[in-house]
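Residue-level structure breakdown
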Amino acid sequence: MSLPPEAAAPMRADIAIVGAGMAGASLAAEIGGAARVLLIEAEARPGYHSTGRSAAFWSETYGGPAVQPLTSASGPWLTERGFLHARGALHVAQDEAGQAALDAMAQEFAGRVRLDPVDRAGLEALVPGLRAGWDVGLAEPTCRDIDVAGLHAFYLAAARRSGTVLMCDAEVMAIGRAGAGWRIETRAGAVEASLVVNAAGAWASPVAKLAGASGIAIAPHRRTIVQLAVDPLADPAMPLVMDAAGRFYFKPEAGGRLWLSPHDETPVPPQDVASEELDVALAIDRLEQVVDWHVMRRERAWAGLRSFAPDRAPVYGFDGKVPGFFWFAGQGGFGIQTAPAAAMLGAALLLGRAAPEMVRTIDSERYSPARFG
């Protein structure tokens, strides 16, 4: 790509991080003043895609056993800084398949996450209007709401104070070698850096391809959320309600509104994704099979991208094919709730330093790119 004369001189950094969503911003903040960092963001503002479209909850069971250590380690940090707020979660089951899912969950997280059995009477107390047939559940009292926007802003501000430069409207067009380092061509100009970090979320695989790195398939999936006005108004004290069989979840929002998802995971190319009417209708239909509330109107709907590696665990570490290329991707729908621990672990791996006490017992090898051969 040819650059105009005034942009010909590249910006220089020790570490160029591609992506300024929660992953890139948290890693930049955690690196602090240990290196000159440049955050490269394709959009006009950071957090436009997955970070800005989160369902905003912190759950130790969400993402499964491979993710739980990162979530649990992040909890105290998030609590101390005021980013978590009381909510609680309720995993409900309708039939034998649902009961089997509850049993499997209880077994998977035994001794690691508190899960309390709830009978029909307890379910009715927590979710008024629950229809017949939803007779068993597991309560996850540690679940919290998370202030996504506040956390992202915190990390961006911390990164800026440590000298990180944010470069927006800078879609990456090419990545190539420049001596022992890298030259990155973007729509906003060229960048030269010793190390490249791939924190590009749904675009992680295309970015890796540009650099000639390993072909780890980070696959984006669409997830739909719809905000509803319901009668009766959603009780603000109601927990996050999740179907054990993975067909829906919903939680109350301000003004008695309800946030609802059909728990969809539709494979899509990386893009500025939007909700589909069929998914919205499916979500509402599933809600009406669970509770006897009246849906008065749909107020808004949106979709975000959840990006997974083949084994659905995140990918943190240096690429095995090309030197100086670091993966920080594949964080599915759990990148917000794991951000503090992931950033600490990622910074330690990237800089070759000891991991902080908070994450020292987490096995980083289970997230290594090397696991894909």
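Here the structure is shown first, and the text comes after it.
Small disclaimer: the values here were computed from a predicted structure and weren't measured. (Residues numbered from 1 in each chain as written. Predicted model: local features only at pLDDT ≥ 70, side-chain atom pairs only at ≥ 80, totals over all residues. Heavy atoms only, no water.)

What follows concerns the sheet that holds strand S3 (residues 57-58). Sheet architecture is open: three strands sit in the order S3-S8-S4, paired in antiparallel fashion. Both edges of this open sheet fall to S3 and strand S4 (84-86), since each of them pairs with a single strand only. When S4 meets strand S8 (residues 144-146), the two strands line up antiparallel, connected through three bridges. Within S8, the position partnered with His85 by the bridge is Asp145. (Pairing = 2+ DSSP bridges. Helix = DSSP H or I, 4+ residues; strand = E, 2+ residues; numbered from the N terminus.)

On to the nonpolar core. Judged by nonpolar contacts, the single largest core of 47 residues is most densely connected at Ile17, Ile31, Ile146, Leu151, Val197 and Phe328. Residue assignment for this core shows that the elements contributing at least two residues are strand S1 (11-18), helix H1 (22-31), strand S2 (37-40), helix H2 (68-80), helix H5 (148-161), strand S20 (325-329) and helix H8 (339-351). The element best represented in this core is H8, accounting for eight residues. In contact with Ile31, other than residues within four places in its own chain, are Ile15, Ile17, Val37, Ala347, Leu350, Leu351 and Arg353. Listed in part, the 28 residues of the second largest apolar core include Ala16, Ile40, Ala204 and Ala309. (Core = buried A, V, L, I, M, F, W, Y, C linked by side-chain atoms within 4.5 Å. Buried < 20%, exposed > 50% of the residue type's maximum accessible area, 1.4 Å probe, protein only. Contact = heavy atoms within 4.5 Å.)

So, about helix H3 (residues 96-108). Across its 13 residues, H3 extends 18 Å between first and last C-alpha, which sits within 8% of the 18 Å expected from 1.5 Å per residue. Those residues of H3 that sit buried are Gly98, Leu102 and Met105. Take H3 and look down its axis: the buried residues cluster within an arc of 65 degrees, on one side only. Facing away from the buried side of H3, by more than 90 degrees, are the exposed residues Glu96, Ala97 and Gln107. Contacts from the buried residues of H3 go to strand S5 (89-93) and strand S7 (136-140). For H3, the N-terminal cap is Asp95; the gap from its side-chain oxygen to the backbone nitrogen of Ala97 is 3.2 Å. (Expected span 1.5 Å × (residues − 1). Arc of directions from axis to C-beta. Polar contact = N/O pair within 3.5 Å; in protein donor to acceptor, adjacent residues only side chain to side chain.)

Further remarks concern the pattern of salt bridges. Enumeration over the complete set of coordinates arrives at 23 salt bridges. Where Arg114 meets Asp116, a salt bridge forms, and the shortest distance between an N and an O atom there is 2.8 Å. In this structure, the salt-bridge partner of Asp243 is Arg247, at a minimum N-O distance of 2.6 Å. Residue class for Asp243 comes out buried when judged on its relative accessible area of 6%. The exposure class assigned to Arg247 is partly exposed, which follows from its relative accessible area of 28%. Taken together, the shared-partner salt bridges in this structure form one network comprising Arg223, Asp264, Glu265, Arg306 and Arg312. (Salt bridge = Lys/Arg side-chain N within 4 Å of Asp/Glu carboxyl O.)

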